[in-house]
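# Working through the structure, step by step
Listed below, chain by chain, are the residues.
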Amino acid sequence: MRDFTMGAYRLLLETWIAQGYNFQTYRSYLQGGATGKFVILRHDVDTTPEKSLEFARIQAKAGVYGTYYFRAVPCRWNERIIREIHELGHEVGYHYESLTTCKGDVDKAYIDFKQNLERLRKLVPVHTVCMHGSPRSPYDSKDIWTKYDYRKSGILGEPYLSTDFSQIFYLTDTGRQWDGYRVSVRDKVMAFQREWEKRGWCYHSTFEIIDALEQGIFPDRAMFTFHPSGRWADNYRVWCTNCLQQLIKNGVKRVIVKYDLWR
Ligand SMILES: [Zn+2]
């Protein structure tokens, strides 16, 4: 079986269930609903919302629920899919990138954030938000919160700011690999990653995660970020194209990190 396909995804889901993990939305984690062995399922709907809907349907069928963060940019805004994912029982959150779209102006970005949040709330309830980090942007949209407070908008938390990473192991599929933080441009959880590596919690493929789960040596509390957009393809041609694109992107990121080009 190839990695980063829906087949690999289903196997991961089945293994979590078999190993007695329970599943949390980001909201339920913040509200203290997470006990025992659990995994917080976060999904960043960066592109193709249809692929996220596919994930959401597979999960709902298995009685599994997670959080889907939607961007407000017109080409990624799909009201039918936003509503359907909510109706399936998942949490919908706002994947904001306001400081990038407002070119670094914090005041304008905050207004933009509030307007988009309002627009999303006309469709579904929204309790958490999560920053969209574009590697090509010199701005970090989380910087809005150095001046403003999202709690004033009735937002409970932001995964990058409200997660206790000393207690929660974190993995993301960025770069079609689970240890892509090595090439990540600005990953605030880097300090914790080193600690986790010392404990042997280091996984490259989905199958390595599945093996660790089956051996009972995978951490009890984890948050996973999926980018369901295209990367998780079953079609071989699409899968190969994705691989090639990712290799090029990772190469560019490595150069940016090595020469510190954002400074
Ligand atoms: Zn994103």
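Refer to the structure above for everything that follows.
All values derive from a computational prediction rather than experimental measurement.

Criteria and cut-off values
Residues numbered from 1 in each chain as written. Predicted model: local features only at pLDDT ≥ 70, side-chain atom pairs only at ≥ 80, totals over all residues. Heavy atoms only, no water. Donors = N, O, S within 2.8 Å, 3.2 Å for Na, K, Ca; no water. Helix = DSSP H or I, 4+ residues; strand = E, 2+ residues; numbered from the N terminus. Buried < 20%, exposed > 50% of the residue type's maximum accessible area, 1.4 Å probe, protein only. Core = buried A, V, L, I, M, F, W, Y, C linked by side-chain atoms within 4.5 Å. Contact = heavy atoms within 4.5 Å. Pairing = 2+ DSSP bridges. Right-handed = clockwise from strand over helix to strand, strands pointing away. Axes fitted to C-alpha atoms, helices over the stretch in contact; angles between N-to-C directions. Left-handed = near helix turned anticlockwise from the far one by under 90°. Nonpolar A, V, L, I, M, F, W, Y, C, P; charged D, E, K, R; others polar. Phe/Tyr/Trp six-rings, centres within 6.5 Å; stacked < 30°, edge-to-face > 60°. Lys NZ or Arg CZ within 6 Å of the ring centre and 35° of its normal.

Here we come to the coordination of the zinc ion. Within the protein, D46 (OD), H95 (NE2) and H132 (ND1) serve as the donor atoms for the zinc ion, at 2.1 Å. Sequence positions of the residues that donate to the zinc ion give the spacing D-x48-H-x36-H. Separated by 86 residues along the polypeptide, D46 in the loop between β2 (38-45) and α3 (49-61) and H132 in the loop between β5 (129-131) and α7 (159-162) bring together distant segments of the chain. Residue classification places D46 among the buried positions, given a relative accessible area of 13%. Here H132 falls in the buried class, since its relative accessible area comes to 9%.

As a rule of thumb, nonpolar side chains are buried together in soluble globular proteins. In terms of nonpolar packing, the biggest core is built from 69 residues, with W16, Y94, L120, I209, F218, F224 and F226 touching the most fellow members. The residues touching L120, leaving out its near neighbours within four places in the chain, are W77, I82, V92, G93, Y94 and V126.

Before going further, it helps to examine the pairing of strand β4 (residues 91-96). For β4, a buried count of 6 out of 6 residues is recorded, marking the element as mostly surrounded by other parts of the structure. In the sheet, strand β3 (residues 67-70) pairs with β4 via 4 bridges, with the strands oriented parallel. Paired with T67 across the bridge in β4 is E91. The parallel pair β3 and β4 is bridged by helix α4 (residues 79-87), and the resulting crossover is right-handed. In this structure, β4 lies alongside β5, joined through 3 bridges in parallel fashion. Its bridge partner being in β5, Y94 is matched across the sheet by V129.

Let's shift gears to the packing of helix α1 (residues 6-18) against α3. The contact between α1 and α3 brings their axes to 11 Å, and the two run at 35°. Note that α1 runs across α3; the crossing there is right-handed. Side by side, α1 and α3 meet where M6, Y9, R10 and L13 of the first sit next to K51, E54, F55, I58 and Q59 of the second. Classifying every residue of the contact of α1 with α3 gives 5 nonpolar, 1 polar and 3 charged.

With that out of the way, let us pick up the packing of aromatic side chains. Under the counting rule described, the total for this entry stands at 32 aromatic pairs. Aromatic side chains F169 and Y203 sit 6.0 Å apart centroid to centroid with 75° between the ring planes, which places their arrangement in the edge-to-face category. With F169 in strand β6 (residues 169-172) and Y203 in the loop between α8 (190-198) and α9 (206-215), the pair connects residues that are 34 residues apart, well separated along the chain. Residue classification places F169 among the buried residues on the basis of a relative accessible area of 2%. We classify Y203 as buried; its relative accessible area is 5%. Relative to F218, the ring of F169 lies with its centre 5.7 Å away and its plane at 75°, an arrangement referred to as edge-to-face. Highlighted residues: F169 in strand β6 and F218 in the loop between α9 and β7 (221-226), separated in sequence by 49 residues. R119 extends its terminal NZ or CZ atom over the ring of W77, reaching a point 4.2 Å from the ring centre. Its guanidinium or amino end placed over the ring of Y160, K142 lies 4.9 Å from that ring's centre, counting from NZ or CZ.

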